[in-house]
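Results of the structural survey
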Amino acid sequence: GDSVTQMEGPVTLSEEAFLTINCTYTATGYPSLFWYVQYPGEGLQLLLKATKADDKGSNKGFEATYRKETTSFHLEKGSVQVSDSAVYFCALSNNFGNEKLTFGTGTRLTIIP
Amino acid sequence: NAGVTQTPKFQVLKTGQSMTLQCAQDMNHNSMYWYRQDPGMGLRLIYYSASEGTTDKGEVPNGYNVSRLNKREFSLRLESAAPSQTSVYFCASSEAHRTTYEQYFGPGTRLTVT
């Protein structure tokens, strides 16, 4: 079945550091890929998405490129801020009609000033 | 515009007790979802309602029932709580039951079953 694997956390970085959170997937066909973010005490919010190979999703300085050849959708940001501290979830949908989101286990990110 | 609201925020139950988690959205969305979030497991879909009047099982429906009361409200019921149901429960809604539409999540209910 479909699955999403994220890098283990927690991740701690200093402010203005470069961020990469790895995400790889297993799915049949051509899934859509998503990054959701969960700030402390809140529900998940969609951060960015990509629906086909080589698409780049971007939002709030974050980027991720849909790489079909490596089945990856790594999240990157050039200069993180304290306000980026959150849990980040990679997810996919397989577009085969069941419209179900499959989530990774989440990566907790803490940014220290 | 409150988005998706959930009540209660926290709940402690004893094994065998029942309770209903409430969810409401004010975005006129057609589709609503219940997920549970467990450490090391990400979010898993319990039940969903693609449109008013319909409900379907998700990945982990055992031990739960749902009611789509109207377009705004979607409740999740635990008839006889078990410690394995200790989790954080999230309700979500979307304009339509397609993942090309963003899902909007509530703040969650933290449930402990002792």
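Check the entry above for the structure.
Let us look at the structure shown here. Owing to the predicted nature of the structure, the values given are computational and were not obtained by experimental measurement.

1. A closer look at the overall build of chain B
The number of helices and strands found in chain B is 0 helices and 11 strands. Ordering the α and β elements of chain B from the N terminus gives β-β-β-β-β-β-β-β-β-β-β. Taking 13 Å as the expected radius of gyration for a compact globule of 114 residues, we find that chain B reaches 13 Å, a close match to that expectation. Within chain B, the fraction of its 114 residues that count as buried is 47%. Sequence separation of 24 or more characterises 56% of the internal contacts of chain B that already satisfy a separation of 6 or more. Side-chain charges of chain B comprise 11 positive and 9 negative groups, with the mean position of each set lying 6 Å from the other.

2. Quick word on the sheet that holds strand 8 (residues 74-78) of chain B
Residue and element names in this part refer to chain B. Sheet architecture is open: 4 strands sit in the order 1-3-8-7, paired in antiparallel fashion. Only two strands of the sheet have a single partner each, and these edge strands are strand 1 (4-7) and strand 7 (64-68). For this sheet, the mean inter-axis angle between neighbouring strands, taken without regard to orientation, is 20°. When strand 7 meets strand 8, the two strands line up antiparallel, connected through 5 bridges.

3. Focus: the interface of chain A and chain B
Often, the extent of an interface is quoted as the loss of accessible area on bringing the components together. On the side of chain B, 17 residues touch chain A, which itself brings 19 residues to the contact. Both sides together, the interface formed by chain A and chain B hides about 1500 Å², and carbon and sulfur atoms give 56% of it. Applying the counting criterion to the chain A and chain B interface returns 0 salt bridges. For the interface between chain A and chain B, the tally reads 1 residue pair in polar contact (both at pLDDT 80 or more). When residues of the side of chain A that touches chain B are traced back to their parent elements, those giving at least two are strand 5 (32-38), strand 6 (44-50), strand 10 (86-93) and strand 11 (101-103) of chain A. Looking at side-chain class alone, the side of chain A that touches chain B contains 7 nonpolar, 8 polar and 4 charged residues.

4. Concerning the sheet that holds strand 3 (residues 19-21) of chain A
Residue and element names in this part refer to chain A. The strand order across the open sheet built from 4 strands is 3-9-8-7, with neighbouring strands paired in antiparallel fashion. The two strands at the open ends of the sheet, each matched to only one other strand, are strand 3 and strand 7 (56-59). Mean inter-strand twist for the sheet, computed between neighbouring axes without regard to direction, equals 20°. Pairing of strand 3 with strand 9 (residues 75-77), which is carried by 3 bridges, proceeds in the antiparallel orientation. What sits directly across from Thr20, in strand 9, is Glu76.

5. Topic: the pattern of salt bridges
Summed over the entire model, instances satisfying the criterion amount to 6 salt bridges over all chains. For the salt bridge of Glu63 of chain A with Lys56 of chain A, the shortest nitrogen-to-oxygen distance reads 3.6 Å. Residue classification places Glu63 of chain A among the partly exposed residues on the basis of a relative accessible area of 34%. Judged by its relative accessible area of 52%, Lys56 of chain A falls in the exposed class. Across the salt bridge formed by Arg44 of chain B and Asp38 of chain B, the nearest N and O atoms sit 2.8 Å from each other. Under the relative-accessibility criterion, Arg44 of chain B is labelled buried at 17%. Of the residues examined, Asp38 of chain B reaches a relative accessible area of 9% and is grouped as buried. When salt bridges that share partners are traced, they join Arg36, Asp38 and Arg44 of chain B into one network.

Calculation rules
Residues numbered from 1 in each chain as written. Chains lettered and ligands numbered in written order. Predicted model: local features only at pLDDT ≥ 70, side-chain atom pairs only at ≥ 80, totals over all residues. Heavy atoms only, no water. Helix = DSSP H or I, 4+ residues; strand = E, 2+ residues; numbered from the N terminus. Rg over C-alpha atoms; globule rule 2.2 N^0.38 Å. Buried < 20%, exposed > 50% of the residue type's maximum accessible area, 1.4 Å probe, protein only. Contact = heavy atoms within 4.5 Å. Lys, Arg positive; Asp, Glu negative; His and termini not counted. Charge placed at Lys NZ, Arg CZ, Asp CG, Glu CD. Pairing = 2+ DSSP bridges. Axes fitted to C-alpha atoms, helices over the stretch in contact; angles between N-to-C directions. Buried area = accessible area lost by both parts, 1.4 Å probe. Salt bridge = Lys/Arg side-chain N within 4 Å of Asp/Glu carboxyl O. Polar contact = N/O pair within 3.5 Å; in protein donor to acceptor, adjacent residues only side chain to side chain. Nonpolar A, V, L, I, M, F, W, Y, C, P; charged D, E, K, R; others polar.

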